[in-house]
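# Structural features, examined
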Amino acid sequence: MSSIALAKTLQNVQVLPVLTVTNPDQAVQLCQALYKGGINAVEITLRTAAGLESLAVVKRELPEVVVAAGTVCNAEQVAAVKEAGVDFGVSPASTPALLHAINEAELPFIPGVATPSEAMYAAECGFNHLKLFPATAVGGLKLLKSIAAPLPELGFCPTGGLNQDNFLEFLNLPNVYCVGGSWMVNSADLNAGNWQAITDAAQKVTDAIAQQ
Ligand SMILES: O=C(O)C(=O)C[C@H](O)[C@H](O)COP(=O)(O)O
């Protein structure tokens, strides 16, 4: 059930900026700036104390944005982000306890994997949209190309080490449905509240996809 909902949610999502925010107001402004640049989905991580509240506020205030919770690592966080109303969750890695909790909660979810064995285990647990993390460190394009033949039913969102120069190569692989990363948001612009620069950077990503 949740994997069908996830496939639908991801239909128009090609890039997923990984965001670390310091307060909900900043999160809303950041997501708005990205949306103006054509980026319609975000992953707000639980890495900061403001992450959870920011997820709920962005979800409420920007209904046009697909909102994912990132760095979801345990059952408690699964319950919390479900309560916050996110569209789906993302984890950097997978443990049996985490995957079990996600299935119990029926939360649409993209579990992180780094090897074919982890990908197969996640698939056995019912997940076919996976995150390859840390993508470039564990083999990047070569790994994704190699894994496509034996595991054709699995799709990946490579994240970790992607940037403006390499993301299209990843996005163009047949087993990649979306790419993720923090490169889309410059932290100096974020800290300065330079929203126009953030919109411009997002537009650069959007244009690069459109122009290929
Ligand atoms: O926080 C999580 O849940 C993660 O999985 C980590 C992030 O996805 C990466 O830190 C993004 O990698 P970069 O784009 O290389 O910065």
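Residues numbered from 1 in each chain as written. Predicted model: local features only at pLDDT ≥ 70, side-chain atom pairs only at ≥ 80, totals over all residues. Heavy atoms only, no water.

In the nomenclature of an unreviewed UniProt entry, the protein corresponds to 2-dehydro-3-deoxy-phosphogluconate aldolase from the organism Halioxenophilus aromaticivorans. Quoted straight from UniProt, the Sequence similarities (unreviewed entry) entry for the protein says "Belongs to the KHG/KDPG aldolase family." (UniProt positions renumbered as here; feature names shortened; annotations may be inferred.)

## Concerning the overall build of the protein
Counting its regular elements, the protein contains ten helices and nine strands. For the protein, the C-alpha radius of gyration of 16 Å lies close to 17 Å, the compact-globule estimate for 212 residues. Each of the three principal axes of the protein carries a C-alpha extent, and together these read 45 × 40 × 25 Å. When the 212 residues of the protein are sorted by exposure, 50% land in the buried category. For the protein, contacts bridging at least 24 residues in sequence account for 62% of all contacts bridging at least 6. Accessible surface for the protein amounts to roughly 9600 Å². Of this, 52% is attributable to carbon and sulfur atoms. Here the protein contributes 10 positively and 18 negatively charged side chains, and the mean placements of these two sets differ by 4 Å. (Helix = DSSP H or I, 4+ residues; strand = E, 2+ residues; numbered from the N terminus. Rg over C-alpha atoms; globule rule 2.2 N^0.38 Å. Buried < 20%, exposed > 50% of the residue type's maximum accessible area, 1.4 Å probe, protein only. Contact = heavy atoms within 4.5 Å. Areas by Shrake-Rupley, 256 points an atom, 1.4 Å probe, with all protein chains shown as cover. Lys, Arg positive; Asp, Glu negative; His and termini not counted. Charge placed at Lys NZ, Arg CZ, Asp CG, Glu CD.)

## A short note on the site of the ligand
Around the ligand, the neighbouring residues are Val18, Thr45, Arg47, Thr71, Pro92, Lys131, Phe133, Thr159, Gly160, Gly161, Gly181 and Ser182. At 3.0 Å, a side-chain N or O of arginine 47 approaches an oxygen atom of the ligand. At 2.5 Å from an oxygen atom of the ligand is found a side-chain nitrogen or oxygen belonging to serine 182. Here the residues of the shell around the ligand sort into three nonpolar, seven polar and two charged. (Near = heavy atom within 4 Å. Polar contact = N/O pair within 3.5 Å; in protein donor to acceptor, adjacent residues only side chain to side chain. Nonpolar A, V, L, I, M, F, W, Y, C, P; charged D, E, K, R; others polar.)

## Observations regarding the sheet that holds strand 3 (residues 66-70)
Strand order in this open sheet of six strands is 5-4-3-2-1-9, and the pairing throughout is parallel. Of all the strands in the sheet, just strand 5 (109-110) and strand 9 (179-181) have a single pairing partner and so form its edges. Looking at chain direction, strand 1 (residues 15-19) and strand 9 are connected through three bridges and run parallel. Counted as the bridge partner of valine 15 is valine 179 from strand 9. Sitting on the sheet, helix 2 (residues 24-36) touches strand 1 and strand 2 (41-45), and the angle it makes with strand 1 is about 155°. (Pairing = 2+ DSSP bridges. Axes fitted to C-alpha atoms, helices over the stretch in contact; angles between N-to-C directions.)

## As for unusual backbone geometry
Looking along the chain, the bond that leaves phenylalanine 133 and enters proline 134 is cis, with omega of -10°. Along the chain, proline 134 falls in the loop between strand 7 (129-132) and helix 7 (140-148). Backbone geometry places threonine 71, a non-glycine residue, at a positive phi of 60°. With respect to the helices and strands, threonine 71 occurs in the loop between strand 3 and helix 4 (75-84).

## As for the nonpolar core
Judged by nonpolar contacts, the single largest core of 61 residues is most densely connected at Leu19, Leu30, Leu34, Leu55, Phe156, Phe167 and Val179. When near neighbours in sequence (up to four residues on either side) are disregarded, leucine 34 contacts Pro17, Leu19, Ile39, Val42, Val185, Ile198 and Ala202. Membership of the second largest hydrophobic core comes to 13 residues, among which are Leu10, Val13, Ile110 and Tyr177. (Core = buried A, V, L, I, M, F, W, Y, C linked by side-chain atoms within 4.5 Å.)

## Let's talk about the sheet that holds strand 6 (residues 112-113)
Read from one edge to the other, the open sheet built from three strands follows the order 6-7-8, with strand pairing classed as parallel. Looking at strand neighbours, the two that pair on one side only are strand 6 and strand 8 (155-158), the edges of this open sheet. As paired strands, strand 7 and strand 8 are joined by four bridges and run parallel to one another. By the bridge assignment for strand 8, histidine 129 is matched with glycine 155.

## Focus: the pattern of salt bridges
For the structure shown, the criterion picks out three salt bridges. The partner of lysine 131 in a salt bridge is glutamate 43, and the shortest N-O contact between them spans 3.8 Å. Separated by 88 residues along the polypeptide, lysine 131 in strand 7 and glutamate 43 in strand 2 bring together distant segments of the chain. For the pair lysine 131 and glutamate 43, one class covers both residues: buried. Between lysine 59 and aspartate 87 there is a salt bridge; the shortest N-O distance is 3.1 Å. Within this pair, whereas lysine 59 is found in helix 3 (residues 51-61), its partner aspartate 87 is found in the loop between helix 4 and strand 4 (88-90), the two being separated by 28 residues in sequence. (Salt bridge = Lys/Arg side-chain N within 4 Å of Asp/Glu carboxyl O.)

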